[in-house]
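Structure at a glance
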Amino acid sequence: MPWFSLLPPPGRAPSLYSSFVGKWSSTSAPLAQNNALGKVLWHQFTTVVILRENMRLRGLTRIATDCPAGPSLSDPRFRQISIITACNAHRDAIDARCIREFAADCGVLLHSFFSYDRWGKAVNSDSARQAQRLYEKTIDPEMLWQVPPCMSDHHAGILTLCIGMPVLLKFNEATELCATNGAEAEVVKMVAGKTPCGRPCLESLHVRLTSPPRNVQVLGLPMNQIVSATLPVSDTVVAIAREQVMILPNFAMTDYTCQGRTRPDNVVHLKFCKNHQAISSLSGTLILGDFDAAKIQSGCSLALRQEFHELELLDNMTCLHFAGQLPDTVSGYTRGLLLGSYYPNHA
């Protein structure tokens, strides 16, 4: 079943329990049709078992303070822990600051690698030619390289790396090798080349996966080490094709990226989180700055409360069915039919 402590889907897609999802109609927009079908499929599940004790979210959360005796980001426990934040722009700003701090702490040399940018091919070729005519005299590579990853589909114009630096994979390169979007790793080896304009670029990057779901062995490489190659990506808004290794420094990540992971230590910036699902109490959690307490004190939405109520009823019916005490009159192959037959006798 879905984990309801997770954030809703990114973008415009609503949650499965959202009251904004209506009935399927051939006249509806494709997105609305897909949302309706998703909710119909979810309501096909009628056997529910609710785990009553949360084994992962135990312990005490601490808030960073200026007090010398209090918890601080400078503590060795939290010094190099990736900070969880709500916005990609904040992630990029934290990465930019922490890169040089990491290199100074480790005493290693930083290397900057530039992307190879050229005019791409948009879906509408006319718009690509028009964009080129409008911008070729004003857009230069130096300006494109300064665009932060949050504005280029997480495709960095300049990657500043060093050996041992933590990084995030930003592309599903090989799911069978645990090389998926959001996987954590550290830099092992950098294979450099030159762009047509003479700038250093990455041809490939060797990384070692950090705590993968299972050990990965690639022939000829040490355990859990993989090679991330340069991949092209197209920006159809300005029609720029960019070639760059799809990784980012891992000194910060968004709440969407970190959800569902077991992290012994957590540094979180909650000020701009969207709702209570971005906030959890974990042993080893350090909260930076202030945050809106109303997000955890004002209760959940009406739609989520209704979902929890229905799941509690389905959980109770599952227990009765397992014990052989569920009346024969209670039956149905969808949630609506099953609850409809249950309500008259148990309302």
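Residues numbered from 1 in each chain as written. Predicted model: local features only at pLDDT ≥ 70, side-chain atom pairs only at ≥ 80, totals over all residues. Heavy atoms only, no water.

On a plain count of helices and strands, the protein comes out with eight helices and 14 strands. With 347 residues in all, the protein has 39% of them scored as buried. In the protein, once contacts between residues fewer than 6 apart in sequence are set aside, the share between residues at least 24 apart is 64%. For the protein, the exposed surface amounts to about 20000 Å²; the carbon and sulfur share of it is 57%. (Helix = DSSP H or I, 4+ residues; strand = E, 2+ residues; numbered from the N terminus. Buried < 20%, exposed > 50% of the residue type's maximum accessible area, 1.4 Å probe, protein only. Contact = heavy atoms within 4.5 Å. Areas by Shrake-Rupley, 256 points an atom, 1.4 Å probe, with all protein chains shown as cover.)

According to the stated counting rule, one finds zero disulfides in the structure shown. Free of any disulfide, C162 has its nearest neighbouring cysteine sulfur in C106, separated by 6.5 Å. Of all cysteine sulfurs, the one in C197 lies closest to C201, which takes part in no disulfide; the gap is 9.0 Å. (Disulfide = S-S within 2.5 Å.)

What follows is about helix α2 (residues 88-106). Owing to its 3.6 residues per turn, the α-helix aligns residues three or four sequence positions apart on the same side. Here α2 is 19 residues long and its end C-alpha atoms lie 26 Å apart, about the 27 Å a rise of 1.5 Å per residue gives. Taken as a whole, α2 carries its principal kink of about 30 degrees at C98. Those residues of α2 hidden inside the fold are in contact with β2 (83-85), β5 (158-161), β6 (166-169), β11 (247-249) and β12 (252-254). Looking at the residues trailing α2, positive phi occurs at G107, about 65 degrees. (Expected span 1.5 Å × (residues − 1). Bend = angle between axes of the 7 residues up to and from the residue.)

Now for the pairing of strand β13 (residues 266-269). Note: β2 against β13, two bridges, orientation parallel. Paired with I83 across the bridge in β13 is V267. (Pairing = 2+ DSSP bridges.)

Another point: helix α1 (residues 30-42). Between its terminal C-alpha atoms α1 stretches 18 Å, which fits the 18 Å expected from 13 residues at 1.5 Å a residue. Looking only at α1, the buried set comprises Q33, A36, K39 and W42.

Enumeration over the complete set of coordinates arrives at three aromatic pairs. Pairing W42 with F45 gives two aromatic rings, centres 6.1 Å apart and planes at 40 degrees, and the pair type is tilted. A relative accessible area of 8% means that W42 is categorised as buried. A residue is classified by how much of its surface remains accessible, and F45, at 54% relative accessible area, is exposed. The interplanar angle of 65 degrees and the centroid separation of 4.7 Å between the aromatic rings of F114 and W145 together place this pair among those described as edge-to-face. Placement of the pair is F114 in strand β3 (residues 111-114) and W145 in helix α4 (residues 141-145), with a sequence separation of 31 residues. Accessibility assignment for this pair places F114 and W145 in one class, buried. Over the face of the ring belonging to F114 we find R199, whose NZ or CZ atom lies 4.7 Å from the ring centre. (Phe/Tyr/Trp six-rings, centres within 6.5 Å; stacked < 30°, edge-to-face > 60°. Lys NZ or Arg CZ within 6 Å of the ring centre and 35° of its normal.)

We now examine the pattern of salt bridges. Counted by the stated rule, this structure contains five salt bridges. Here R335 makes a salt bridge to E307, at a shortest N to O gap of 3.0 Å. A residue pair is termed long-range when its members are at least 10 positions apart, and R335 in helix α8 (residues 335-346) and E307 in helix α7 (residues 302-322) qualify at 28 residues. There is no split in this pair, since R335 and E307 are both buried. One salt-bridge network, held together by shared partners, links E307, E310 and R335. (Salt bridge = Lys/Arg side-chain N within 4 Å of Asp/Glu carboxyl O.)

Take S341: it is sitting in helix α8. Residue class for S341 comes out buried when judged on its relative accessible area of 16%. From its side chain, S341 meets the backbone nitrogen of S331 in a polar contact 3.1 Å long. Sequence-distant contacts of S341, that is, excluding residues within four places in its chain, are made with T329, V330 and S331. (Polar contact = N/O pair within 3.5 Å; in protein donor to acceptor, adjacent residues only side chain to side chain.)

Turning next to the nonpolar core. A general tendency of soluble globular proteins is for nonpolar side chains to be buried together. Core analysis: the largest hydrophobic core is formed by 35 residues, its most contacted members being L161, M165, L169, L202, L205 and I247. Looking at this core, the elements that each hand over two or more residues are α2, β5, β6, β7 (184-194), β8 (200-209), β11 and β14 (285-288). One finds W42, V48, L314 and L320 within the second-largest nonpolar core, a separate group that totals twelve residues. (Core = buried A, V, L, I, M, F, W, Y, C linked by side-chain atoms within 4.5 Å.)

One non-glycine residue with positive phi stands out, namely H154, at about 65 degrees. Backbone geometry places N224, a non-glycine residue, at a positive phi of 65 degrees. Tracing the chain through its elements places N224 in the loop between β8 and β9 (225-235).

What follows covers the pairing of β6. Burial of β6 is two-sided: the residues P166 and L168 facing one way and the residues V167 and L169 facing the other way are all buried. Direction of pairing for β6 relative to β11: antiparallel, over a ladder of three bridges. When the sheet's bridge partners are listed, L168 is paired in β11 with L248.

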